[in-house]
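Overview (structure and organization)
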Amino acid sequence: MREAYSYRADAGVPEFADDKPLIVFDGECVFCSAWVQFVLRRDKAERYRFLAAQSPLGEALYRHYGLDGRDYETNILIEDGRAHFKSRGTIRMIEALGFPWSLIGVLRLLPRGLADRLYEFVARNRLRIAGRRATCFVPSPDQRRRFLG
């Protein structure tokens, strides 16, 4: 695991507001865009910011964390300067939405390997499940301020 805020020392990662948790997602994936819309509707505290992986900052963060910048098989949750991936990142995202979503924390009891394999199965098949967007998700003017890039 990298040091907290390690991206700040990486010349390849542009500066960005990191005072709130950031969800980096595949902006061309219907499944991933639906996930962002799910979070937007339930994040009443406006805890999260969002960033498409295809943006220059998103690509730089994928490279920084050693991920393939063309194959977005995991969302990234950056929270308190630390990156969380796959099942653990997703569980953290959902838990923070409050009750009843916080009950998803029980999934932490699953061995990480098993939880990540389930996550990877969905991630590998997300384009078959939901396809690619012919048009991109366009946030409302009120939602737009929560997006970086």
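All residue numbers here refer to positions counted from 1 along the written sequence of the relevant chain. Where totals are concerned, whole chains, interfaces and linings use all residues; where local detail is concerned, this predicted model gives features only for residues with pLDDT of at least 70, and gives and counts side-chain atom pairs only at 80 or more. Note that water and hydrogens are dropped before the side-chain values are worked out from all heavy atoms of the structure.

Some points on the nonpolar core
Core analysis: the largest hydrophobic core is formed by 17 residues, its most contacted members being Ile-23, Trp-35, Val-36, Val-39, Tyr-48, Phe-50 and Phe-147. Of all the elements in the fold, those that place two or more residues in this core are strand 1 (22–25), helix 1 (30–42) and helix 3 (86–95). Only DSSP runs of H or I reaching four residues or more are called helices, and only runs of E reaching two or more are called strands; each is numbered from the N terminus. Sort the elements by how many residues they give to this core and helix 1 lands first, with six residues. Here a residue-residue contact requires only that any non-hydrogen atoms of the pair lie within 4.5 Å. Excluding its chain neighbours within four sequence positions, the residues that come into contact with Val-39 are Ile-23, Tyr-48, Phe-50 and Leu-97. Side-chain atoms within 4.5 Å link the members of a nonpolar core, which is a set of buried Ala, Val, Leu, Ile, Met, Phe, Trp, Tyr and Cys residues. Here the term buried applies to any residue with accessible area under 20% of the maximum for its type, exposed to any over 50%, and partly exposed to those in between, with areas from a 1.4 Å probe on protein chains only. Within the second largest apolar cluster, 16 residues are counted, among which are Phe-16, Val-24, Tyr-72 and Ile-76.

Description of the sheet that holds strand 2 (residues 49–52)
Should DSSP find at least two bridges between two strands, the strands are taken to pair. Taken together, the four strands give an open sheet; going across it, the order is 2-1-3-4, and neighbouring strands pair in mixed fashion. The outermost strands of the open sheet, each flanked by one partner alone, are strand 2 and strand 4 (82–85). Taken pair by pair, the neighbouring strands of this sheet meet at an average axis angle of 25 degrees, ignoring direction. Lines are fitted to the C-alpha atoms to define the axes, a helix being fitted only along its stretch in contact, and any angle between axes, read from their N-to-C directions, falls within 0 to 180 degrees. Its contacts with the sheet place helix 3 against strand 1, strand 3 (76–79) and strand 4, and it is angled at close to 105 degrees to strand 4.

A look at the side chain of Arg-146
Locating Arg-146 in the fold gives a position in the segment after helix 5 (141–144). Once you skip the residues sitting within four places of it in the chain, Arg-146 turns out to touch Leu-40, Asp-43, Glu-46, Arg-47, Tyr-48, Arg-49 and Phe-50.

A look at the pairing of strand 1
Going residue by residue along strand 1, you find Leu-22 and Val-24 tucked away on one face and Ile-23 and Phe-25 tucked away on the opposite face as well. Inspection of the sheet shows strand 1 paired to strand 2 by four bridges, in the parallel sense. From the neighbouring strand, Leu-22 faces strand 2, where its bridge partner is Arg-49. Taking the sense of rotation as the criterion, the β-α-β connection linking strand 1, helix 1 and strand 2 turns out right-handed. With three bridges joining them, strand 1 and strand 3 adopt antiparallel strand pairing. Bridge pairing in strand 3 places Ile-23 opposite Leu-77. With strands facing away from the observer, any crossover in which the path from the first strand over the helix to the second runs clockwise is taken as right-handed.

Description of the packing of aromatic side chains
Pairing of aromatic rings covers Phe, Tyr and Trp, the last through its six-membered ring, and needs centres within 6.5 Å; plane angles under 30 degrees mean stacked, over 60 mean edge-to-face, and all others mean tilted. Counting across every chain of the model gives seven aromatic pairs. Residues Tyr-7 and Phe-16 carry aromatic rings whose centres are separated by 4.9 Å and whose planes lie at 35 degrees to one another, so their mutual orientation is tilted. For Tyr-7, a relative accessible area of 3% corresponds to the buried category. Residue Phe-16 is classed as buried on the basis of its relative accessible area of 15%. Judged by centre distance (5.7 Å) and plane angle (70 degrees), the rings of Tyr-65 and Phe-85 are edge-to-face. One end of the pair, Tyr-65, is in the loop between helix 2 (56–64) and strand 3; the other, Phe-85, is in strand 4, and 20 residues separate them in sequence.

Quick word on the pairing of strand 3
Here strand 3 shows a buried face lined by Ile-76 and Ile-78 and a second buried face lined by Leu-77 and Glu-79. In this structure, strand 3 lies alongside strand 4, joined through four bridges in antiparallel fashion. Each residue of the ladder has a partner; that of Leu-77, found in strand 4, is His-84. The hairpin turn running from strand 3 into strand 4, its antiparallel successor, is two residues long, and Asp-80 in that turn takes a positive phi close to 55 degrees.

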